[in-house]
Amino acid sequence: MKISLKWLADFFDPSQTKKLGDQADKIRGELPFLGLEVSSYRKLSQGLEGVVVGFVEKAEKHPDADRLRVCQVVLREGDAPVQIVCGAPNVAAGQKVAVAVPGCVLPGDFKIQKSKIRGAESNGMICSESELALRDESEGIMVLPQSAPVGSSVVTALGLNDEVWELELTPDRSDCLSHLGVSREIGRLLGAQPILPKIETLEVNSKNEVSLMSVEVQATDACPAYAGILFEGMENCKSPDWLARRLEILGHRSHGAVVDITNFVLHELGHPLHAFDADKISGSKIIVRYARAGEKLVTLDEVEISLTSEDLVIADLEKPVALAGVMGGLHSAVDEKTKRVFLESALFDPKVIRLAAQRHKIHSDASHRYERGVDPEGVRRSAARAALLFKELCGLKRRGAFVQVENKKHPLLRGASTLNLDLRAFQEVVGLEIASDEVIREFSKVGIPAGLKSPNVVRVEVPSHRLDLTREIDLVEEAARLVGYARIPERFPPMLQSTTSKTQTLSERCDQIRNILAARGLCEMMPYSFISDKERQEVSSHPLVALDNPLTAHWAYMRPSVSFGLLKVAADHVGLGQLRAEFFDVGHCFSKIDKTSEGPKTENAPAEKLRGVRESLHCGFTLMGRALEEHWSYDKKNLERKRGYDFFDAKGILEKLFGELSALDGRWSSTQFVELASARSQPEMMKQASWIPVDLLHPFRSAFLIWPGKGGGQIRGFVGELHPQKRRETLNLPKGLELSAVVAEIQISPDLLEEMNLHRFSSTVTKANPYGKITLSRRVPIVERDLSLIFSKDVVASEIEKSIRKAAGAELFDLQCLDLFVLENEKKSLAYRLLLQGAETLSDDSIQAVVNRVVDDLRKRFNAELRA
Amino acid sequence: MSLATLLEKLEEVSTKALAEISTAKNVKELEDFRVRYLGKKSELSEIFAQFGKLSADDRPKAGQKGNEVRQKITELLASKQELLSSGEWEDRLKGEKIDVTLPGRSCPSPSLHPVTLVRQELSKIFESCGFLVEIGPEVEHEFYNFDALNIPPNHPARALQDTFYIKDQKDLVLRTHTSPVQIRTMLSEKPPIRMICPGRVYRADYDATHSPMFHQIEGLLVDRQVSMAELKGILSYMVREFFGAELRVRLRPSFFPFTEPSAEVDMECRFCRGAGCKTCKGSGWVEIGGCGMVDPEVFKAVDINPEEFRGFAFGMGLERMAMLKFGISDLRAFYESDQRFIEQFARWSR
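First, a word on scope: everything that follows refers to the structure included in this document. (Residues numbered from 1 in each chain as written. Chains lettered and ligands numbered in written order. Predicted model: local features only at pLDDT ≥ 70, side-chain atom pairs only at ≥ 80, totals over all residues. Heavy atoms only, no water.)

Quick look at the overall build of chain A now. Secondary structure assignment for chain A yields 23 helices and 41 strands. When each of the 868 residues of chain A is scored for burial, the buried share is 53%. When contacts within chain A are restricted to residue pairs at least 6 apart in sequence, those whose partners lie at least 24 apart make up 71%. Total accessible area computed for chain A in this model is approximately 40,800 Å², and 50% of it derives from carbon and sulfur atoms. (Helix = DSSP H or I, 4+ residues; strand = E, 2+ residues; numbered from the N terminus. Buried < 20%, exposed > 50% of the residue type's maximum accessible area, 1.4 Å probe, protein only. Contact = heavy atoms within 4.5 Å. Areas by Shrake-Rupley, 256 points an atom, 1.4 Å probe, with all protein chains shown as cover.)

The next thing to look at is the nonpolar core. Counting residues in hydrophobic clusters, the biggest one holds 165 residues, and the most contacted among them are Phe530, Phe621 and Met624 of chain A together with Met238 and Phe314 of chain B. Among the elements that line this core, the one with the most residues is helix α9 (residues 228-243) of chain B, at 10 residues. (Core = buried A, V, L, I, M, F, W, Y, C linked by side-chain atoms within 4.5 Å.)

A few words now on the sheet that holds strand β28 (residues 457-462) of chain A. All names here are of chain A. What the 3 strands build is an open sheet, ordered β26-β28-β27; its pairing is antiparallel. For this open sheet the edge positions go to β26 (417-422) and β27 (450-454), each flanked by a neighbour on one side alone. Strand-to-strand twist across the sheet, computed as the mean angle between neighbouring axes with direction ignored, equals 35 degrees. Inspection of the sheet shows β26 paired to β28 by 6 bridges, in the antiparallel sense. By the bridge assignment for β28, Asp422 is matched with Val457. Contacting β26, β27 and β28, helix α12 (residues 436-445) crosses the sheet at an angle of about 150 degrees to β27. (Pairing = 2+ DSSP bridges. Axes fitted to C-alpha atoms, helices over the stretch in contact; angles between N-to-C directions.)

As a further point, take the sheet that holds strand β3 (residues 165-166) of chain B. Residues and elements named next belong to chain B. Sheet architecture is open: 3 strands sit in the order β2-β4-β3, paired in antiparallel fashion. Edge strands, defined here as strands with exactly one partner in the open sheet, are β2 (139-141) and β3. Relative to strand β4 (residues 169-174), β2 runs antiparallel, the two being bridged by 3 bridges. Paired with Glu140 across the strands is Val173, a residue of β4.

Glancing now at the state of the cysteines. With the rule as written, the count across this model stands at 0 disulfides over all chains. Free of any disulfide, Cys277 of chain B has its nearest cysteine sulfur in Cys269 of chain B, 3.6 Å distant. (Disulfide = S-S within 2.5 Å.)

Looking now at the pattern of salt bridges. Residue and element names in this part refer to chain A. Per the counting criterion, the structure on display carries 81 salt bridges over all chains. Among the salt bridges present, the one from Asp25 reaches Lys43, with a minimum N-O distance of 3.4 Å. Placement of the pair is Asp25 in helix α3 (residues 24-30) and Lys43 in strand β2 (residues 37-43), with a sequence separation of 18 residues. Under the relative-accessibility criterion, Asp25 is labelled partly exposed at 48%. According to the relative accessible area criterion, Lys43 is partly exposed, its value standing at 30%. Notably, a salt bridge pairs Arg173 with Asp175, separated by 3.0 Å at the nearest N-O pair. This pair shows no difference in class: Arg173 is buried, exactly as Asp175 is. Because the salt bridges share partners, they merge into one network encompassing Arg173, Asp175, Glu185, Arg466, Asp468, Glu478 and Arg481. (Salt bridge = Lys/Arg side-chain N within 4 Å of Asp/Glu carboxyl O.)

Scanning all chains against the criterion turns up 5 cavities of 30 Å³ or more. One number sums up the size of the largest cavity: a volume of about 330 Å³. Every residue lining the largest cavity is counted, 25 residues in all, and those nearest its centre are Arg514 and His588 of chain A together with Arg119, Pro198 and Gly199 of chain B. Mapped onto the lining of the largest cavity, the elements with two or more residues apiece are α14 (506-519) and β32 (580-592) of chain A together with α5 (114-127) and β5 (193-202) of chain B. Per-class residue counts for the lining of the largest cavity are 10 nonpolar, 8 polar and 7 charged. Of the volumes computed, that of the second largest cavity is approximately 160 Å³. (1 Å grid on protein atoms, 1.4 Å probe; cavity = no way out; pocket = protein on both sides within 12 Å on 5 of 7 lines; lining within 4 Å. Points joined across faces, edges and corners; volume = space filled by probe spheres on them. Nonpolar A, V, L, I, M, F, W, Y, C, P; charged D, E, K, R; others polar.)

Contact residues are listed per partner, giving 93 residues for chain A and 97 residues for chain B. Buried area between chain A and chain B, both sides added, is near 8,100 Å², and the carbon and sulfur share of it is 59%. Counting every contact that joins chain A to chain B gives 6 salt bridges. Put simply, chain A and chain B have 34 residue pairs in polar contact (both at pLDDT 80 or more) between them. (Buried area = accessible area lost by both parts, 1.4 Å probe. Polar contact = N/O pair within 3.5 Å; in protein donor to acceptor, adjacent residues only side chain to side chain.)

The following block contains the structure:
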């Protein structure tokens, strides 16, 4: 909201006015500490010091340019005119204009110099309003009133010794949405109370004037008070310069005196008014009612809106003439032909106005104030103020009485209230001790009458404009605000005796994961959680959570996984020439689920209200391009040097993160295998995994993480290489850029982390023994035995490992897979190293016994042959 | 052979050996000399073999001289050995010379996102004062995001936050602030409560200073005796710890539906220490967040007796804190996913 300093000065007597001007900087600086934020301000005279009033004696066409005029302008009474070339179409002889003389620097750092324009000398510039920064845009030069004395500064001639503040008000302070409101706060800083402007005395006729204009309020709940006055004798009346200028300074164009006066009173007193052309009100009757669904109204801004039965309208006998409290209708608007004016000053329910403004996407000065609440006393005060200005400025005659219809039982009209402020409560909340007389004094400085009720209780009469003061706690805030938050001391809260320490929260676990991934050299990315419709089709065949009001189609859905975003980011980096990209993201992902099933279970979130959306924490990473960084030392013949990232790079990281899954009965299973199996027997299993972008993965080089559970387990994550065909198509990589990419993602849930943490380091970890069995390995030697065996090609490593671990028993300290050879005849050779350690040094016999057990078992289970 | 002849021979061998040994050019030659002069078949051994034929009187004299000669040769061999081998080491080491100014093999530097770093740092600071970290969902029910926070439907305060709504489920929103986690915590825990909730929030707003997705950290303390003075104390502590400097904190009156009294939190600009600079637009102060005393209406919504308990809450933007800490001027940098931007913070990671 814009406030003019000069306008504020009108509310004070001249001695204060001077003080206000002198201390403008100080007062502006103080406002934020009263809760009125000044987001910007502008001194209107800035840059206009060298601009003077000139008189255009002659304006003739430029000999060499059709659009230019060569003007002779008198800049000082009695002096010879100077020549100025002007391009504005509206310049004419006889005008008073604003002239920037050479050497002057206009707003926007625009330096004026003597120059020659198409051969004609020009000694300055005739300015437009936009060049003087008085308005954003303007057509042609600014024509000054004839009363402006030639040679005087425009600053004085136009009354630009002013500054305009842009206030950013919080919604509770609707009382400050006017110059009167701000002057109450300024008055506190000046030490003076604002003086209300002169108003017309109005006699009330609450029955209403039948012959001239009658008022019927049907929707008394939505419109607790409606007042109106009929005026006649209107002649096409232009606003006086001072009035037009006042409004222009605040960014309003002049629309003729009647409309300008309603706008003026709105900015002066904060109460919205509306002026109708009374001759266009059919049946001379105003009805305040809800609209009938489908009724149409063309608003002042020439937009036709279709009304709903929840819209409150002002109607005549035939049709709606205004959307109540929001905007008037074009049909009944005051124009140059208007002879009779009906002035409306009303009170509307904030909620009704807010919904209407929202529904029709209209934000007006009126709706802005009605939504936040207006002073009920303003209904009458503002009408009376406008009546006076109509009379003084337009010569309008008031006909009939002031018509006022009120629903006295409405809560908005409950009148002034009295509240008590207990100073002990103040001290408890604010932490500051304060004397009752100080509180009373501070309240009275902003026009809130207060007195002592009992030694510790101050009795406050809340004025009608302070809609925000309804409870004692509101008075606590008001008192704290007036005393100043700076007075509040700083104290450290006492330490709690004990803090309920949860073992480890989900967010701590996520940070652990982040730290591990970062230490491995992966870079954390935070792309937006939104994806586009096109991307949606790439990543999921399952319906996703969609936004009702997305900012753009690119951000229309919530991501089901982090993988796709990471792949895109990695592809961007590789596309720009990076040899490798290793990124991770830990964050929330979303999928749509049956409304009847369970909502998300975050640590302390009751699920019942969030049905239909599953939200879970995901951790994902992608490795793209070369697995090794270039270094000058690497053997140029070594092919490993140029190896691309593959499945096992990603799996290695997951193993580091989550330990040995075999200890948990969880397993990695080929995506191919699972899809086939689940299609047959466990359709539910794949359904849970709908967030996984299976189509992006290489079908024979990717795996699901299967978590043990009912029905074959649950799919909780995946790791896989990118489908070679999709690499280019989906990721938009430049042609010919064949690179490896692998991506992995895990759904993190409290139970998963709980289990993984337990088994992180060793299978000896138990709840009772959370750190596992700590062995003193150096005291007892560890023996190595290597086994090389031939298996059928189809036997999977995890089965072999499981068998070895089981057969070897407690003596097996560690097991390493050393080698893999693919042989002919559908066979393969695998070499394992067994690291054995007993409670005491193992004898040769007992070592051989372990080896024998292992080999026998492998022979029996897999028909394995021991290699020579 | 006479004693004199033997002694003469010894002298001869000695002179020859010493002369030849000193000409040895490498360890191998030296070894040959060793065999030639001290080996079993050496001249010296032959001479020693003659000693037995001497008279008992002469024998010690010959023995003494022989030992002297052998001693001399041995010593020379040893010193020559040392000399030669050290030279060979030197040659070998010289051959292994490297250019120590070439770059080393890189080892990964932990690159956490600045928002994560700031969140971890702030969490640590508040945890040190007994606050526990809580988290909540990002798709939130209107009840937690608005109603329970004293923002009833159609309240103008709802217009303050441009809310994303979920399609087909109009009572679900993307949370516009982390405050719903306060509600969830107050519903599930009994006071006294000390909690912080860092997290991702969304608002339908996008320009140079607004991102549709950003992060906040919010704190709540509910206890029997707590006032704005303690609130100020905690905020000052946080600023001091986070910026590592004695920067003052001030409160300005403001409005939030869920707090009363409400305040904006400013701190002294860390770049100019209050003197006024570009970052603080010359004012010497920068706004870092909002705070206030929990409104009694909020306590009623979560069934905590406002007569018995009081609380304060505060919240701030993690991006804003990161911008102030690291001197980043453009909010959008956080979401552009540029590795070179993120990597710079590795220096700061701990």
